[in-house]
Amino acid sequence: MNAQPIVGAASPYDVASVRRDFPILATTVRGKRLAFLDTAASSQRPLSVIEAVNHYERTSHANVHRGVYQLSQRATDAFEGARERVRRFLNAASIKEVVFTRGTTESINLVAQSWGRRLQPGDEILVTWMEHHANIVPWQMLCERTGAVLKVAPIDRQGELDLEGFKQLLSPRTRLAAFTQISNSLGTMLPIEDMVRAARAAGALTLIDGAQAVAHQRVDVQALDCDFYVFSSHKLYGPTGLGVLWAREAVLREMPPWQGGGDMIRTVSFTKTTYNDLPYRFEAGTPHISGAVGLAAAIDYLEGLGIERVHAHEQHLLQRATAALREVPGLTIIGEAARKGGVISFLLEGVHPHDLGTILDAEGVAIRAGHHCAMPVMEFFDVPATARASFGCYTDEADIEQLLSALATAREVFG
Ligand code: PMP
């Protein structure tokens with residue numbers, strides 16, 4: 001036998017090697033090394049994902065679920081194989097529970113428009129103050145349509161959820177509690193296990209917005225015991241334009257169809273149309289087949305790295321960057337929760353976040369500046385916007401150093 005080096009769970013996380021898997025990280029921006037610190041908005045793609053999509057397009061594309069010819073069968077196998085990959089990734093009980101959508105936003109809209117159709121005036125939906133607009137506006141629209149009432153659980157100045165406040169807002173009228181697992185604007189990890197337990201005890205269903213979590217920590221929907229879990233492929237190192245709605249089968253079965261069209265029906269006539277089985281009943285029209293192939297490759301990639309190891313790496317960077325940013329004169333971190341994902345929102349005294357973003361860009365540092373689709377959070381902290389640095393599996397110490405040095409430049413410019 002060959003004496004192969006043993007690469008096991010104990011081997012150190014080799015971020016330099018991970019970075020080589022992402023071609024875009026080798027590009028330069030304005031002549032500078034790219035420090036990509038906007039993974040929370042959209043992650044970059046490893047070569048294996050790019051190549052899986054490329055391979056599919058070159059060898060297997062046809063429409064799915066329709067043709068009897070071999071190519072269509074190949075495309076269907078690739079698409080359904082991706083569904084099974086997602087099922088395993090989430091530890092879902094069945095592929096019937098895995099619905100492909102366009103993304104987190106569409107997944108939540110699907111739940112609001114289908115499941116939500118039965119709400120009665122006075123029914124309540126409970127969200128938190130730190131939700132992304134995608135987990136606020138669909139519920140507001142639903143409330144407008146049905147007369148249901150949107151309740152908002154409070155947060156505190158640290159950016160923590162007020163768990164007692166959340167529990168107090170649960171009532172016999174609460175039909176659904178919908179909350180994020182990790183806040184995209186503050187980085188806060190919410191106590192989702194406690195929230196699910198409390199909501200369930202109150203007789204409410206739960207929806208978890210996993211957009212910021214699923215690429216950074218292990219998710220097991222059965223262990224979480226929630227009813228809906230939603231995420232986007234593009235924040236998980238996969239292609240844009242694709243997302244997942246996982247829903248407990250018993251819940252999904254009771255939901256009326258959402259969009260109508262091809263693939264979601266069994267038979268159509270002008271007297272009576274019957275609907276397809278789960279999950280196809282919720283997938284009208286030709287899906288994003290290559291996107292699903294890419295997502296499956298992205299999951300393979302992430303699990304190949306080891307999600308737990310990626311998590312530990314990102315947590316290490318979070319500690320290191322938080323400590324260093326605290327030392328920058330005039331810099332305030334917005335969101336100092338005890339448990340955070342790899343997201344740091346901050347303000348630099350005397351510099352508007354948008355101007356800061358522009359100066360940092362000139363130094364090759366890509367951060368997000370704005371309200372992060374979380375205007376209520378900005379309102380709560382009484383700021384128009386923040387600058388935000390966020391991390392992924394490929395973020396390294398050099399990115400943090402580049403950020404710190406670009407911040408020093410910004411202080412000189414505005415100083
Ligand atoms: N929820 C959260 C917590 C997010 O961070 C985002 C993306 N910023 C979304 C929802 C919406 O995701 P998408 O735009 O991919 O639908």
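About the criteria used
- Residues numbered from 1 in each chain as written.
- Predicted model: local features only at pLDDT ≥ 70, side-chain atom pairs only at ≥ 80, totals over all residues.
- Heavy atoms only, no water.
- Near = heavy atom within 4 Å.
- Polar contact = N/O pair within 3.5 Å; in protein donor to acceptor, adjacent residues only side chain to side chain.
- Areas by Shrake-Rupley, 256 points an atom, 1.4 Å probe, with all protein chains shown as cover.
- Nonpolar A, V, L, I, M, F, W, Y, C, P; charged D, E, K, R; others polar.
- Helix = DSSP H or I, 4+ residues; strand = E, 2+ residues; numbered from the N terminus.
- Expected span 1.5 Å × (residues − 1).
- Buried < 20%, exposed > 50% of the residue type's maximum accessible area, 1.4 Å probe, protein only.
- Lys, Arg positive; Asp, Glu negative; His and termini not counted.
- Salt bridge = Lys/Arg side-chain N within 4 Å of Asp/Glu carboxyl O.
- Core = buried A, V, L, I, M, F, W, Y, C linked by side-chain atoms within 4.5 Å.
- Domains from an automatic or database assignment.
- Contact = heavy atoms within 4.5 Å.
- Pairing = 2+ DSSP bridges.
- Axes fitted to C-alpha atoms, helices over the stretch in contact; angles between N-to-C directions.
- Phe/Tyr/Trp six-rings, centres within 6.5 Å; stacked < 30°, edge-to-face > 60°.
- Parallel < 35°, antiparallel > 145°, perpendicular 65-115°, else oblique.
- Left-handed = near helix turned anticlockwise from the far one by under 90°.

(A) Molecular detail of the site of the ligand. Thr104, Thr105, His132, Ala134, Thr180, Asn184, Asp209, Ala211, Gln212, Ser232, His234 and Lys235 make up every residue found near the ligand. A distance of 3.5 Å is found between an oxygen atom of the ligand and a backbone nitrogen or oxygen belonging to Thr104. Contact with the protein chains removes 85% of the 400 Å² of surface that the ligand exposes when unbound. Among the residues forming the shell around the ligand, the class breakdown is two nonpolar, eight polar and two charged.

(B) The arrangement of helix H10 (residues 289–305) in detail. With 17 residues, H10 ought to run about 24 Å at 1.5 Å a step, and its terminal C-alpha atoms sit 25 Å apart, in line with that. The buried count for H10 comes to 14 of 17 residues, which makes it a mostly enclosed element. Where H10 terminates, the next one or two residues include Gly306, which has phi positive at roughly 95 degrees.

(C) Seen up close, the side chain of Glu314. Considering the arrangement of structural elements, one finds Glu314 in helix H11 (residues 307–326). Arg19 is the oppositely charged side chain nearest to the buried, salt-bridge-free Glu314, at an N-O distance of 11 Å.

(D) Broad picture of the nonpolar core. Residues Leu90, Phe166, Tyr229 and Cys393 are the most contacted members of the largest nonpolar core, which totals 75 residues. With 11 residues, the top contributor of residues to this core is H10. Each of domain 1 (6–45 + 306–413) and domain 2 (50–303) accounts for three or more of the residues forming this core. When residues no more than four places from it in sequence are discounted, the contact partners of Phe166 are Leu126, Ala153, Pro154, Leu161, Ala177, Phe179 and Met195.

(E) Structural view of the sheet that holds strand E14 (residues 343–348). Strand order in this open sheet of four strands is E13-E14-E17-E16, and the pairing throughout is antiparallel. The open sheet has two edge strands with one neighbour each: strand E13 (331–334) and strand E16 (368–370). Between one strand axis and the next, the sheet turns through 35 degrees on average, direction left out of account. Sheet analysis places E16 next to strand E17 (residues 386–390), joined by three bridges and oriented antiparallel. Bridge pairing in E17 links Arg368 to Arg388. Relative to E14, H11 is tilted by about 10 degrees, and along the sheet it contacts E13 and E14.

(F) The environment of Glu349, seen in detail. By secondary structure assignment, the location of Glu349 is in the loop between E14 and helix H12 (353–362). Using a relative accessible area of 65% as the deciding quantity, one classes Glu349 as exposed. On a C-alpha basis, the gap between Glu349 and Thr332 in space is 7.9 Å, while along the polypeptide they are 17 residues apart.

(G) Highlighting the packing of aromatic side chains. What the rule picks out here adds up to eight aromatic pairs. With a centroid separation of 5.9 Å and an interplanar angle of 80 degrees, the aromatic rings of Tyr237 and Tyr394 are classed as edge-to-face. Separated by 157 residues along the polypeptide, Tyr237 in the loop between strand E9 (228–232) and strand E10 (243–247) and Tyr394 in the loop between E17 and helix H14 (397–414) bring together distant segments of the chain. Each member of the pair, Tyr237 as well as Tyr394, carries the same accessibility label: buried. Grouped by ring-pair contacts, the aromatic residues Phe22, Tyr237, Tyr301 and Tyr394 constitute a single cluster.

(H) Here's a closer look at the environment of Leu331. Within the fold, Leu331 resides in strand E13. Spatially, the C-alpha atom of Leu331 lies 10.0 Å from that of Arg411, the residues being 80 residues apart in sequence. Those residues within four positions of Leu331 in sequence are excluded, and the remaining contacts are Leu325, Phe346, Leu347, Leu348 and Leu407.

(I) Local environment of the packing of H10 against H11. One way to put it is that H10 packs onto H11 with a least axis distance of 5 Å and a crossing angle of 70 degrees. Here H10 is positioned roughly perpendicular relative to H11, judged by the angle of their axes. Contact with H10, carried on its side by Leu302, Glu303 and Leu305, involves Ile307, Arg309 and Val310 of H11 and no other residues of that element. Tallied by class, residues from the contact of H10 with H11 come to four nonpolar, no polar and two charged.

(J) Region of the structure containing the packing of helix H2 (residues 47–59) against H10. It is at 8 Å that the axes of H2 and H10 come closest, and there the two elements cross at 145 degrees. Here H2 runs over H10; the crossing is right-handed. Along its contact with H2, which presents Ser48, Val49, Ala52, Val53, Tyr56 and Glu57, the element H10 presents Ile289, Ser290, Val293, Gly294, Ala297, Ala298 and Tyr301. Of the residues belonging to the contact of H2 with H10, the class tally is nine nonpolar, three polar and one charged.

(K) Structural detail: the pairing of strand E4 (residues 98–101). Burial of the side chains of E4 extends over both faces: Val98 and Phe100 are buried on one face and Val99 and Thr101 on the other. Alignment of E4 against E10, held across four bridges, turns out to be antiparallel. What sits directly across from Val99, in E10, is Leu245.

(L) Geometry of the sheet that holds strand E5 (residues 124–128). Pairing within the open sheet is mixed, and its seven strands lie in the order E4-E10-E9-E8-E7-E5-E6. In this open sheet, the two edge strands, each paired with only one partner strand, are E4 and strand E6 (149–153). Averaged over all pairs of adjacent strands, the angle between strand axes in this sheet comes to 20 degrees, irrespective of strand direction. As judged from the three bridges shared by strand E8 (residues 205–209) and E9, these two strands associate in the parallel manner. Bridge assignment links Ile208 to a residue of E9, and that residue is Tyr229. In this fold helix H5 (residues 137–146) packs onto E5, E6, strand E7 (174–180) and E8, with an angle of close to 145 degrees to the strand it touches most, E6.

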